[in-house]
Every structure is written in structure tokens, then in C-alpha cells.
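Reading the structure
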Amino acid sequence: MYEDAAERYAERASGRTSPDEQTDAIGEGLAAIAFALLEVAQAIREATAQQGRD
């Protein structure tokens, strides 16, 4: 669900190489991490819900 957004932001961050673009790269890298954490949280919610049904 969120992994596509995480990959997209990570790719954008990796493409920024000049010193002037470092702030943008850091922001996009942080966005990638945030979306990856949302993916982890979703997986935890699904696993917890599944355990409650068993």
C-alpha cells in the first residue's frame, strides 16, 4: 500500500546530487522512511487483527 510511495521518494532522493539539492534529498529521504514505517504499521495491524480471529 505505502511501499510504492516509499520507493518513489527514495528514488527522487537518490537522484539529487548537487549541494543545493541536499535539503530536498533529505526531505524526500525522510518521506521515504515515513511511508516505509506506515507500511510496517499496516502489517502489524493486519497481523494483530488476524491473531484476534484465531
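The subject of this paragraph is the overall build of the protein chain. The number of helices and strands found in the protein chain is 2 helices and 0 strands. Here the C-alpha radius of gyration of the protein chain, 15 Å, is well above what a compact globule of 54 residues would show, namely 10 Å. Judged by the C-alpha coordinates and their principal axes, the protein chain covers about 55 × 15 × 10 Å. The 54 residues of the protein chain split such that 15% are buried. Entry remark: accessible area of the protein chain is about 4200 Å², with carbon and sulfur atoms responsible for 55%.

What counts and what doesn't
- Residues numbered from 1 in each chain as written.
- Predicted model: local features only at pLDDT ≥ 70, side-chain atom pairs only at ≥ 80, totals over all residues.
- Heavy atoms only, no water.
- Helix = DSSP H or I, 4+ residues; strand = E, 2+ residues; numbered from the N terminus.
- Rg over C-alpha atoms; globule rule 2.2 N^0.38 Å.
- Buried < 20%, exposed > 50% of the residue type's maximum accessible area, 1.4 Å probe, protein only.
- Areas by Shrake-Rupley, 256 points an atom, 1.4 Å probe, with all protein chains shown as cover.

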